[in-house]
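These are the residues of each chain, in order.
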Amino acid sequence: MNKYKIKNPIQILASICLAIVVWNFAPSPNKELTEVKFYVPVSYVNLPKNLEITSGVLQLISVSVEIPRNKLAEIHPSMFQASLDLEEASEGYHEFELTRSVVSTPENIKIIEIEPKLVKLSFEEIIERVLEIQPVLLGEPASGYVLEKITMIPEMVRVKGTRSALSKVEQLQTKAINIEAIANDLEMLVHVVFPENISATDPKPEYYTAQIKIGSEPINMRYLNIPIGIINHDYVTRINPRTFNMLVRGPRSLMENFRKEDIQAFIDLQQYEPGNYKVKQPTVRLPPEIQIQKIWPPIDIWVKNQKLD
């Protein structure tokens, strides 16, 4: 029994008490810290002006951190930020490692894990082009009227975009412009549609201007046996036939009141020496809105070697 006799029992008891106190009050990882996962938005900074990210963009990453339990109520996801520096980026495909230095956290917060470990981005060069604006029309003008012309202001716009995006675009288009049943000229504000990855180089206006010119519906009219006059002739001259026929086209509002008597037709003989000639048609004077479609028959001219009295 002497062999199992405890020596210095007071010292041993004191050691046991100290151990109990240390165990109760010393920090314990399981007791004082807890692991929390946050989804943190990613911002991309210092992207070169001549480049654009075309694929692979991550909006959020998962960040696991250790937080003291007594601080949990004070920590909010907005306190965490992820910022990826793209200053060294170039055209093509690149991988960027998401290290702990990418994520900023509140003080004394330890990052345990970031997912994913990599972000894979594709970059394309930004180029510029000048594109025409093509109006898109919806409907038809009122009966008896036609769309004569539509002018966009501006007619062209300088745009920028990725090379692949601009290679597929020949012109820009407006949103639909409704011309249903209109009978007068109009000027209206319209939207221009910019395809994805393409924008105006200057600040893009919200609206563009469309100037719409409406005219009377064109119709064809035939006039027969129109007399031909002769001017500037110094010799005795005979022409055959003395009349001609004509098919013209013009706006209905004008043609309905236009008469054969309104047509001026003549042959100028100032340059004709004595001889025989054949001309396809006389000189005809018409309002500019009327276009000649056809004149017949050809005209024979005989200039005799005989001066007029």
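It should be noted that the structure appears before, not after, this text.
Rules and cut-offs
Residues numbered from 1 in each chain as written. Predicted model: local features only at pLDDT ≥ 70, side-chain atom pairs only at ≥ 80, totals over all residues. Heavy atoms only, no water. Helix = DSSP H or I, 4+ residues; strand = E, 2+ residues; numbered from the N terminus. Buried < 20%, exposed > 50% of the residue type's maximum accessible area, 1.4 Å probe, protein only. Contact = heavy atoms within 4.5 Å. Areas by Shrake-Rupley, 256 points an atom, 1.4 Å probe, with all protein chains shown as cover. Pairing = 2+ DSSP bridges. Axes fitted to C-alpha atoms, helices over the stretch in contact; angles between N-to-C directions. Core = buried A, V, L, I, M, F, W, Y, C linked by side-chain atoms within 4.5 Å. Phe/Tyr/Trp six-rings, centres within 6.5 Å; stacked < 30°, edge-to-face > 60°.

Here's the deal with the overall build of the protein
Helices and strands together make up the secondary structure of the protein, namely 4 helices and 26 strands. The 309 residues of the protein split such that 30% are buried. Long-range contacts, defined here as pairs at least 24 residues apart, represent 74% of the contacts in the protein between residues at least 6 apart. For the protein, the computed accessible surface area is about 20,700 Å², with 51% contributed by carbon and sulfur atoms.

Description of the side chain of Thr209
Note that Thr209 resides in strand β17 (residues 208–216). Owing to a relative accessible area of 18%, Thr209 belongs among the buried residues under this scheme. Beyond its immediate sequence surroundings of up to four residues, Thr209 is in contact with Thr151, Met152, Ile153, Glu187, Met188 and Leu189.

A closer look at the sheet that holds strand β24 (residues 283–285)
Overall, mixed pairing links the 3 strands, which are arranged β19-β22-β24 in an open sheet. Each edge of the open sheet is held by one strand with a lone partner, namely β19 (229–231) and β24. Averaged over all neighbouring strand pairs, the angle between strand axes comes to 35°, with direction disregarded. With 3 bridges joining them, β19 and strand β22 (residues 264–268) adopt parallel strand pairing. The residue bridging Ile230 from the neighbouring strand is Ile267, located in β22.

Overview of the nonpolar core
Among the nonpolar cores identified, the biggest contains 26 residues, and Phe38, Ile61, Val65, Leu84, Leu86, Leu121 and Phe123 are the most heavily contacted of them. Contributing elements (two or more residues each) for this core: β1 (33–45), β2 (51–55), β3 (60–68), β4 (81–85), β7 (110–115) and β8 (118–134). Other than its neighbours up to four places away in sequence, Phe38 contacts Ile61, Ser62, Val63, Val65, Ile67, Ile75, Pro77 and Phe80.

Brief notes about the packing of aromatic side chains
Across all of its chains, the model carries 4 aromatic pairs by this definition. Ring geometry for Tyr223 against Phe258: centres 5.9 Å apart, planes inclined by 80°, an arrangement best described as edge-to-face. In this pair, Tyr223 is assigned in strand β18 (residues 218–227) and Phe258 in the loop between α4 (252–255) and β22, connecting sequence segments 35 residues apart. By relative accessible area, which is 7% here, Tyr223 ends up buried. Looking at Phe258, the relative accessible area reads 7%, which means it is buried. Both rings, one in Tyr272 and one in Tyr277, keep their centres 4.8 Å apart while their planes meet at 80°; by these two values the pair is edge-to-face.

A closer look at the sheet that holds strand β23 (residues 275–279)
Within a sheet, adjacent strands bond to each other through the backbone by hydrogen bonds, running parallel or antiparallel. The strand order across the open sheet formed by 3 strands is β20-β26-β23, and the pairing between neighbours is antiparallel. Since the sheet does not close on itself, it has two edges, and those belong to β20 (235–240) and β23, each with one partner. Adjacent strand axes in the sheet meet at a mean angle of 20° when their direction is disregarded.

Quick look at the environment of Met255
When you line up the elements, Met255 lands in helix α4. Residue classification places Met255 among the buried positions, given a relative accessible area of 0%. Met255 sits 35 residues away from Ile290 along the chain, and the two C-alpha atoms are 8.3 Å apart. Setting aside residues up to four positions removed in sequence, Met255 forms contacts with Ile219, Met221, Tyr223, Val248, Gly250 and Ile290.

Some thoughts on unusual backbone geometry
Going from Ile153 to Pro154, the amide bond is cis rather than trans, its omega being -5°. Tracing the backbone through its elements, the reader meets Pro154 in the loop between β10 (145–153) and β11 (156–162). Here Trp296 and Pro297 are connected by a cis peptide whose omega angle stands at -10°. In this structure, Pro297 sits in the loop between β25 (291–296) and β26 (299–307). Positive phi outside glycine occurs at Asn225, with the angle close to 55°.

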